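Examination of the molecular architecture
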Amino acid sequence: MHAIGLDVGGTSVRAGVVDEHGSILDTARAGTPAAEDALEDAITAVIDELRNRHEDVAGVGLAVAGFVANDRRTVMFAPHLAWRHAPVADRIAKRVGLPVTLEHDANAAAVGEHRFGAARGAGVAALVAIGTGIGAGLLLDGELYRGANGVAPELGHLTVVPDGRACPCGKYGCWERYCSGTALAATAIELLARYPGTSTVLSRDIALDPGALTGRRVAGAARDGDPIAQRAVAELAKWLGEGLALVADVFDPEIVVIAGGVSESAPLFLDEAREHYAAAITGGRHRPLARIRTAQLGDDAALVGAAALALEATAV
């Protein structure tokens, strides 16, 4: 039996038919419309497209970048999607005639990695998805931890620098303001202002278009030996290690899986981040340290995890 998993993001809706072993058998994709009805039309369309090619689909799993209520039926808030306190699971189920399971995208990715990827078999595992910001999922004794209201764990908004960089969430000094693709670009810009003329490559980029510098561009420059870019990456490594130490002090995971777009550049920073983590964690010399690995399923982790949760729900 198969399920259709969907990763519903701010720019695209990605869907796949997934079997019980976590293998993706077929895929479909659509853009993400801004309007609520149009978004649900797009989701229905990709589901119907895949069902036309696969008859043995038992259910649908939706992974959504937003707050999902503990009943896993309602999207309470999604910053880059149209839904506000919307009964999304029931509405999509009515449209497609299949049971629908709803989950936060980072939680779904954590399930995917726990069932089929880097965290397979771990009792306590954390997933930290580093992209534009930080998303996170946590499994305790192999089960997702969602908190009292379904919104945990918002690790990206732990304060690591009091009165630090402003965050769109309204706070200052959040972890994701120092450890993300956005943060990597911001750090590079600060370093360029502090050390003018040190990086001809990044200085030229900013001169042409000050808003065009991205974390991906900084990472590429670091690979090419640019000194400012390498220093910015070192700062990211430091804050990744410091933040993971906070997470480990609270949850003591066996493994931390680093996912998201920034993880593609892990060879640049992960070893250094491990060193910072080991130095910052409480009692680091006298306790086992969590393994810190990159995701095995890549961009498909949330899609696969959502499908796994759908199959689990239909088996009950």
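Bear in mind the structure is a predicted one, so any value in this text is a computation, not a measurement.

A few words on helix α9 (residues 301-315). With 15 residues, α9 extends 21 Å from end C-alpha to end C-alpha; this agrees with the ideal 21 Å at 1.5 Å per step. With eleven of 15 residues buried, α9 lies mostly within the body of the structure. Residues Ala301, Ala302, Leu303, Val304, Gly305, Ala306, Ala307, Ala308, Leu309, Ala310 and Leu311 constitute the buried set of α9. In the core, the buried residues of α9 are packed alongside β1 (2-8), β2 (12-18), β3 (24-31), β4 (57-64), β8 (100-104) and α3 (105-116).

On to the pattern of salt bridges, then. Using the criterion set out here, one finds 19 salt bridges in the structure. Of the charged contacts in the structure, one is a salt bridge between Arg73 and Asp90, with a shortest N-O distance of 2.8 Å. Placement of Arg73 in the loop between β5 (67-68) and β6 (75-77) and of Asp90 in helix α2 (residues 88-96) is noted, with a sequence separation of 17 residues between them. The exposure class of Arg73 is partly exposed, given its relative accessible area of 25%.

As summarised here, the arrangement of the five strands in space is β11-β10-β9-β12-β13, forming an open sheet in which the pairing is mixed. Edge strands, defined here as strands with exactly one partner in the open sheet, are β11 (143-144) and β13 (291-294). Note that strand β9 (residues 125-130) and strand β10 (residues 134-140) share six bridges and pair antiparallel. If you follow Leu127 over to β10, its bridge partner there is Gly137. Contacting β9, β10, β11 and β12 (255-259), α3 crosses the sheet at an angle of about 50° to β10. Packing against the sheet, helix α8 (residues 266-280) makes contact with β12 and β13, and its axis sits at approximately 165° to β13.

Turning our eyes to something else, we now look at the state of the cysteines. Counted according to the given criterion, the structure contains zero disulfides. A disulfide-free cysteine, Cys167 has its sulfur positioned 3.6 Å from the sulfur of Cys169, the nearest such atom.

Residues with a pLDDT of 70 or more make up 100% of the chain, whose mean pLDDT is 94. Ranking the elements of the chain by mean pLDDT puts helix α5 (residues 200-208) last, at 82, and α2 first, at 98.

This part is about the sheet that holds β1. One open sheet holds the five strands; their spatial order is β3-β2-β1-β4-β8, and the pairing between them is mixed. Strand pairing shows two members of the sheet lacking a second neighbour, β3 and β8, which therefore form its edges. Sheet twist, expressed as the mean angle between neighbouring strand axes with direction ignored, is 20°. With seven bridges joining them, β2 and β3 adopt antiparallel strand pairing.

Attention now goes to the environment of Ala69. Considering the arrangement of structural elements, one finds Ala69 in the loop between β5 and β6. Note on Ala69: relative accessible area 13%, which makes it buried. For the pair Ala69 and Thr200, spaced 131 residues apart in the sequence, the C-alpha separation amounts to 49 Å. In this structure, Ala69 is in contact with Thr74, Met76 and Asn149, ignoring residues within four places of it in sequence.

Formed by 44 residues in total, the largest nonpolar core has its most connected members in Trp175, Leu240, Leu244, Ile258 and Phe269. Those elements giving two or more residues to this core turn out to be β9, β10, α4 (181-194), α6 (215-223), α7 (227-251), β12 and α8. At twelve residues, α7 tops the list of elements feeding residues into this core. Val18, Ala63, Leu139 and Ala308 belong to the second-largest nonpolar core, a separate cluster that totals 31 residues.

Attention now goes to unusual backbone geometry. The phi angle of most residues is negative, glycine excepted, and most peptide bonds adopt the trans form. Cis peptide bonds are those with omega within 30 degrees of zero, and the linkage from Ala152 to Pro153 qualifies with -5°. Inspection of the secondary structure assignment puts Pro153 in the loop between β11 and α4. In this structure, Arg72 takes a positive phi of about 55° despite not being glycine. Structurally, the position occupied by Arg72 is in the loop between β5 and β6.

Secondary-structure assignment places Leu39 in helix α1 (residues 36-53). Residues Leu39 and Trp83 lie 44 residues apart in sequence; the distance between their C-alpha atoms is 9.2 Å. Residue contacts for Leu39: discarding those within four places in its chain leaves Val8, Val13, Thr32, Pro33, Leu81 and Trp83.

Let's shift gears to the pairing of β9. The buried fraction of β9 is high, at five of six residues. A loop of three residues connects β9 with β10, the two strands running antiparallel in sequence. Two elements, β9 and β12, share five bridges in a ladder whose sense is parallel. For Ala126, the partnering residue across the bridge sits in β12 and is Val256.

What counts, and where the lines are drawn
Residues numbered from 1 in each chain as written. Predicted model: local features only at pLDDT ≥ 70, side-chain atom pairs only at ≥ 80, totals over all residues. Heavy atoms only, no water. Helix = DSSP H or I, 4+ residues; strand = E, 2+ residues; numbered from the N terminus. Expected span 1.5 Å × (residues − 1). Buried < 20%, exposed > 50% of the residue type's maximum accessible area, 1.4 Å probe, protein only. Contact = heavy atoms within 4.5 Å. Salt bridge = Lys/Arg side-chain N within 4 Å of Asp/Glu carboxyl O. Pairing = 2+ DSSP bridges. Axes fitted to C-alpha atoms, helices over the stretch in contact; angles between N-to-C directions. Disulfide = S-S within 2.5 Å. pLDDT = per-residue confidence, 0-100. Core = buried A, V, L, I, M, F, W, Y, C linked by side-chain atoms within 4.5 Å.

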